[in-house]
Amino acid sequence: MIDVARRAGVGLGTVSRVVNGGHGVRDETAQRVRTAIEQLGFQRNEVARALRPGKKSSSLALVLGDLTNPFFATIAKASLEVAGQSGFAVVLGSVDEDPEGEKRAIQELVSRQVAGLMIVPDQGDHAFLVGAGVPVVFVDRPATGIEADIVMVDNEGGGKLATDHLLEQGHERIAILLAPSYYTTGRRLRGYRRAHRGAGLEVDESLVVQLPEGNAESAEKATRELMLRPDPPTAIFASTNFLTEGVLRALGELGLEPAVVGFDDFRLADMLPTPVTVVASDIAELGRSAARLLLDRASGADRRPPQRIVLPCALIQRGSGERPPSASKRKPR
């Protein structure tokens, strides 16, 4: 700032007012300061600025899972857009189902004096955030050990919606494939069970498949084993988009066509030979809502007790979920 002041022929206070968007500087003087800033490549140090008494950081932090997953990438993009519209930058941390790694990443971000945290939490204890002095909004799933804002999808309602739809098509043997027991898929299983109870049907526990990993390869292997049983299911509910991919791959190899409903939409789902029926929610709105709530908390505009925002799900019928039970009777190749 001293260099800029010398180049522009003004005092430090004038440079500070121009940099921080203050008033009381003549247009001609302000332009000289901006020209000097451009010539010298001056950049404001946001971290140092946040350390000054009475000053607040203009950075938020977002900690979430693997960014190659379209679900997390969509949340990130939407939250960045909302933050940017309010003049905030977002620092991203990607930690894929590693509680200790997540804790280290969060502590590092808190030490950088960010104005607030958005976290897609792992299964670890988040009590270490109590008293951290920074507002926190959890996204997609609640955390343990702390009462805080949460923005999430109606996972249980979505699971029931998918299963109800398959039951309405006449299916009674409906398999459900579940990623390792994270909060979201556990709630989708609750919806699956509620739908069966509502229809007066017992759940065949052999059709509730807990996978060792939440990837397409595990789903492909499990689907192949299910469909080669003497009493295969006539329908499959895949509880994540990655699992849906594995289900479709296995069925294509076997030449079988049971009904399929996936949870979360995915690219090209409507372009397949039989377009895929899915239960979908507005994932971008998940990110936008979390960012808006965090900005309100950081500014002090929202002082309510912790809020729980639940976004609805909708069934998108495309064809795969509307097959009758008889469609699954073909012999595998």
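Residues numbered from 1 in each chain as written. Predicted model: local features only at pLDDT ≥ 70, side-chain atom pairs only at ≥ 80, totals over all residues. Heavy atoms only, no water.

Q: Before we go on, may I ask you to explain the domain arrangement of the protein chain in this structure?
A: Reports often express the size of an interface as the amount of accessible area lost when the parts come together. Per the domain assignment, the segments making up the protein chain are domain 1 (1-44), domain 2 (59-153 + 283-311) and domain 3 (155-280). Centre-to-centre, using C-alpha coordinates, domain 1 lies 35 Å away from domain 2. (Domains from an automatic or database assignment.)

Q: Explain helix H2 (residues 12-19) here, please?
A: For an α-helix, 3.6 residues make a turn, and residues three or four places apart therefore share a direction. Along H2, the residues that are buried comprise Thr 14, Val 15 and Val 18. Along the long axis of H2, the arc covered by the buried residues comes to 100°, so they all point the same way. Along its buried surface, H2 packs onto helix H1 (2-8) and helix H3 (27-40). Positive phi appears at Gly 21, one or two residues downstream of H2, with a value of about 75°. (Buried < 20%, exposed > 50% of the residue type's maximum accessible area, 1.4 Å probe, protein only. Helix = DSSP H or I, 4+ residues; strand = E, 2+ residues; numbered from the N terminus. Arc of directions from axis to C-beta. Contact = heavy atoms within 4.5 Å.)

Q: Is there a simple way to think about the nonpolar core in this case?
A: Nonpolar side chains in soluble globular proteins generally cluster together in the buried interior. The biggest cluster of nonpolar side chains holds 62 residues, and the ones touching the most others in it are Leu 60, Met 118, Leu 177, Tyr 192 and Leu 286. In terms of residue count, the dominant contributor to this core is helix H11 (residues 283-299) (8 residues). When we break this core down by domain, the ones giving at least three residues each are domain 2 (59-153 + 283-311) and domain 3 (155-280). Non-local contacts of Leu 60, meaning those with residues more than four positions away in its chain, are made with Ala 83, Phe 88, Ala 89, Val 90, Val 91, Val 114, Ala 115, Gly 116, Met 118, Leu 294 and Leu 295. (Core = buried A, V, L, I, M, F, W, Y, C linked by side-chain atoms within 4.5 Å.)

Q: Can you help me understand the side chain of Ser 320 in this one?
A: Among the structural elements, Ser 320 can be located in the segment after strand E12 (314-316). Of note is the side chain of Ser 320, whose polar atom sits 2.7 Å from the backbone oxygen of Val 260. Discounting chain neighbours no more than four positions away, the residues touching Ser 320 are Pro 258, Ala 259, Val 260, Thr 274, Pro 275, Val 276 and Thr 277. (Polar contact = N/O pair within 3.5 Å; in protein donor to acceptor, adjacent residues only side chain to side chain.)

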